[in-house]
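The residues making up each chain are set out below.
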Amino acid sequence: MKKILSVLLCFVLALGCLVGCGEDIIGEYIDQYEGLITPPKPHMSLNLYIICGAETTENAKVTVKQRIADYTENKYNTTVNVFYLSAEGYADAVGAKLAADSENRADIFLINSPEMMNSLMAGEHLADLTDFLQGKTYGTLNAQIAASLLDASAIMVGGVDRYFCLPNNHVVGRYDSASDTVANNESAYEFLIINKKAAQCFYLGSQSQLDSFTSYESTEALRAEMDAHPELGYVSSECVKVVSGNYEDIAAYKSAGYACNILKYPSATVTGAYSAAFGINSALSADAERAMEILFAINTDTELRNYLQFGIQGTNYVFDDNDAVVRNSDGNSVYYMDPLYTGNVFTMYYCEELGWTEAAKNNADAQNRASVFEVEAPEVDENAGGEATE
């Protein structure tokens, strides 16, 4: 009897709960949560066009292309199909694949010259990336890419700077002492170096006195004193010089007994910014953000960036005992890419063969932070009376 009463009591209580909830309609509050639920993004495919090293084998292109496609599909739900092209005729090849209805349309592509950039702008083929760079999702690129390069890449539209490409973060104003040159019309550091021992002979050895020399002309009196006293063994042309160099040279000169005063900082140029940048096809319209997600990944996703640069570990390269890349240089798995073309150099694995070590990275970071944007002087046509050419 007690068991029967217990069952009846439970039934009555349950019925009361059902009646109390009877006014709630199933699904009535779903609309309150719709803004909090992010629907999965649909899968899509994007084509990436880039310049490949001449040494790269066809087999390596196929295998790395598949690995990148698998990786981006799994991580971003976007299959990125890489098209490897030679440097010769590259701009024309990309230009032929920009139309919205093109087979294997170029969705994301390397820009490798100011001429290519100008042509793309004239044809209105580039998506405007400004809003992406100003937003929270992709705005961190502003802190990762050298400010000088971003400034150099900007195009003024209606009195406001707009960005139609993303420059690859390379070492700005890198000086090559072997050829005494800096690539892409950029400028290197310019130092005034003074032999400290020589300066001390003329009572100019204190740091404050040495720091006061801010130009070669300001050392005129010191150089005159050296030339007037050859018996001291110091030749002014050897003891006081203006030289080009890189950030690491500052410490090297100081260690060698020189005062090293910076006369000019490394500078980015429009030519340098457009020598290696990525653009997004304006034909993508509504899907431009999906392409921007991949462009962001090329700069920040270490794994994707190094697939693009070095290929597949164990097939195209191995790591040595110092965790630096050693590229495969023979057989059918050679995969060589120019680091300038494959994204942010600071997310690239170390590779001594390419001169990219921990020390090189630290020096490059300091150099880029110090770099500035310098407007390039126009070319002068010597046959046109000294007037600037367009």
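We now turn to the structure provided with this report. (Residues numbered from 1 in each chain as written. Predicted model: local features only at pLDDT ≥ 70, side-chain atom pairs only at ≥ 80, totals over all residues. Heavy atoms only, no water.)

1. As for the pattern of salt bridges
The condition is simple: Salt bridge, as applied in this entry: a Lys or Arg side-chain nitrogen positioned within 4 Å of an Asp or Glu carboxyl oxygen. For the purposes of this entry, the term helix denotes a DSSP run of H or I that reaches at least four residues, the term strand denotes a run of E that reaches at least two, and both are numbered from the N terminus. With a 1.4 Å probe rolled over the protein chains alone, any residue whose accessible area is under 20% of its type maximum counts as buried; one over 50% counts as exposed, and the rest are partly exposed.
Per the counting criterion, the structure on display carries 12 salt bridges. Glu248 is paired through a salt bridge with Arg174; the nearest N and O atoms lie 2.9 Å apart. Taken as a pair, Glu248 in helix α12 (residues 247-255) and Arg174 in the loop between β6 (166-167) and β7 (175-176) lie far apart in primary sequence, 74 residues in all. Under the relative-accessibility criterion, Glu248 is labelled partly exposed at 24%. The salt bridge partner of Arg327 is Glu353, with a shortest N-O separation of 3.0 Å. You can see Arg327 sitting in strand β15 (residues 325-327) and its partner Glu353 sitting in the loop between β15 and α16 (358-370), a full 26 residues away along the chain. Since its relative accessible area comes to 12%, Arg327 is described here as buried.

2. Points about the side chain of Ser148
This is how it is decided: The term polar contact refers here to a pair of N or O atoms within 3.5 Å; inside protein, the definition further demands a hydrogen-donor-capable atom paired with an acceptor-capable atom, and it admits residues adjacent in sequence only when both atoms are side-chain atoms. For this analysis, residues touch if any pair of their heavy atoms sits within 4.5 Å.
Structurally, Ser148 is set in helix α7 (residues 147-153). Judged by its relative accessible area of 3%, Ser148 is buried. Of note is the side chain of Ser148, whose polar atom sits 2.7 Å from the side chain of Ser371. When near neighbours in sequence (up to four residues on either side) are disregarded, Ser148 contacts Val172, Ala268, Ser371, Val372 and Phe373.

3. Focus on the sheet that holds strand β9 (residues 189-195)
Heads up, the rule is: Should DSSP find at least two bridges between two strands, the strands are regarded as paired. To obtain each axis, a line is fitted to C-alpha atoms, and for helices this fit is confined to the stretch in contact; angles are then taken between N-to-C directions over 0 to 180 degrees.
Overall, antiparallel pairing links the three strands, which are arranged β10-β9-β11 in an open sheet. With one partner strand each, in any of the chains shown, β10 (240-245) and β11 (258-264) form the two edges of the open sheet. Here the average twist between neighbouring strands, direction ignored, is 30°. When β9 meets β10, the two strands line up antiparallel, connected through six bridges. Looking at the pairing, Ile194 lines up with Val240 of β10. Sheet strands in contact with α12 are β9, β10 and β11, and its direction is about 155° off that of β11.

4. Notes on the packing of aromatic side chains
The condition is simple: Side-chain rings of Phe, Tyr and Trp (the six-membered ring for Trp) are treated as a pair once their centres are within 6.5 Å; stacked means planes under 30 degrees apart, edge-to-face means over 60, and tilted covers the remaining angles. Consider the ring centre and the ring normal. A charge sits over the ring if Lys NZ or Arg CZ is within 6 Å of that centre and within 35 degrees of that normal.
Scanning the model with the defined rule gives 15 aromatic pairs in all. Centroid distance Tyr84 to Tyr335: 5.9 Å. Interplanar angle 85°. Geometry classified as edge-to-face. One end of the pair, Tyr84, is in strand β2 (residues 78-85); the other, Tyr335, is in the loop between β15 and α16, with 251 residues separating them in the sequence. With relative accessibility at 11%, the residue Tyr84 sits in the buried group. The class for Tyr335 is buried, based on a relative accessible area of 0%. With centroids separated by 6.4 Å and ring planes inclined at 5°, the aromatic side chains of Phe310 and Tyr349 adopt a geometry described as stacked. In this pair, Phe310 is assigned in helix α15 (residues 302-310) and Tyr349 in the loop between β15 and α16, connecting sequence segments 39 residues apart. Given a relative accessible area of 24%, Tyr349 falls into the partly exposed group. Grouping aromatic residues by their ring pairs yields a cluster made of Tyr189, Phe191, Tyr253, Tyr258 and Tyr265. The ring of Tyr336 has Arg327 sitting right over it, with the charged end atom 3.8 Å from the ring centre.

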